[in-house]
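Survey of secondary and tertiary structure
Okay, here's what each chain looks like letter by letter:
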Amino acid sequence: RDQLRGTAAYGKKSGDVTAPAWSVKFNKAKFNEFLFATGDCKKWLIARKWSVIGWYANGHRWIEKSSIKNKRYQARWYRRHRVGEDPWVSLED
């Protein structure tokens, strides 16, 4: 909803993988990595903040490690300015 700016808080925080989507504000938190995961945690990836933040379309972005590779690699992602559905983050092209 906020393109990973960390300004949107919605839903009810839950550890239940079947719960509806939720988010907490993190725009004032100090951090340097994002962890993206499916609800069951079978698919996941870790990316540096500098690799995620910025504007790009079909751009190669660095992934530090993931559920499919235990080493650094790139995949094509989308985070387009004013496109509310973005970012599109994936494990591979």
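Residue positions are given per chain, counting from 1 as you read along its sequence in written order. Selection of residues for local features in this predicted model requires a pLDDT of at least 70, selection of side-chain atom pairs for listing and counting requires 80 or more, and totals for whole chains, interfaces and linings are taken over all residues. Working from all heavy atoms in the structure, the side-chain values ignore hydrogens and water.

1. Comments concerning unusual backbone geometry
Stated precisely, the cut-off is as follows: By definition, any uninterrupted DSSP run of H or I lasting at least four residues is a helix, any uninterrupted run of E lasting at least two residues is a strand, and each is numbered from the N terminus.
In this chain, Asp 86 is followed by Pro 87 through a cis amide linkage whose omega measures 15°. Residues other than glycine seldom take positive phi values, yet Gln 3 does so here, at roughly 55°. Inspection of the secondary structure puts Gln 3 in the segment before strand E1 (33-37). Phi at Arg 82 takes a positive value of approximately 65°, unusual for a residue other than glycine.

2. Some points on the packing of aromatic side chains
Keep this limit in mind: Pairing of aromatic rings covers Phe, Tyr and Trp, the last counted by its six-membered ring, and requires centre-to-centre distances within 6.5 Å; plane angles under 30 degrees mean stacked, over 60 mean edge-to-face, and any other angle means tilted. Note on classification: 1.4 Å probe, protein chains only; a residue is buried when its accessible area is under 20% of the maximum for its type, exposed when over 50%, partly exposed between these limits. When the NZ atom of lysine or the CZ atom of arginine is within 6 Å of a ring's centre and also within 35 degrees of its normal, the charge is said to sit over that ring.
The tally for this structure, following the rule as stated, stands at five aromatic pairs. Between Phe 31 and Phe 34, the ring centres sit 5.2 Å apart and the planes meet at 80°, which makes this aromatic pair edge-to-face. Residue Phe 31 is classed as partly exposed on the basis of its relative accessible area, which comes to 27%. Classification of Phe 34 by relative accessible area gives buried; the value is 8%. Both rings, one in Phe 34 and one in Phe 36, keep their centres 5.6 Å apart while their planes meet at 15°; by these two values the pair is stacked. One aromatic cluster is present, formed by Phe 26, Phe 31, Phe 34 and Phe 36 through successive ring pairs. It is Arg 61 that lies over the ring of Tyr 56; its NZ or CZ is 3.9 Å from the centre. Looking at Arg 72, its charged tip hangs above the ring of Trp 62, at a distance of 4.1 Å from the centre.

Structural measurements only, silent on function.
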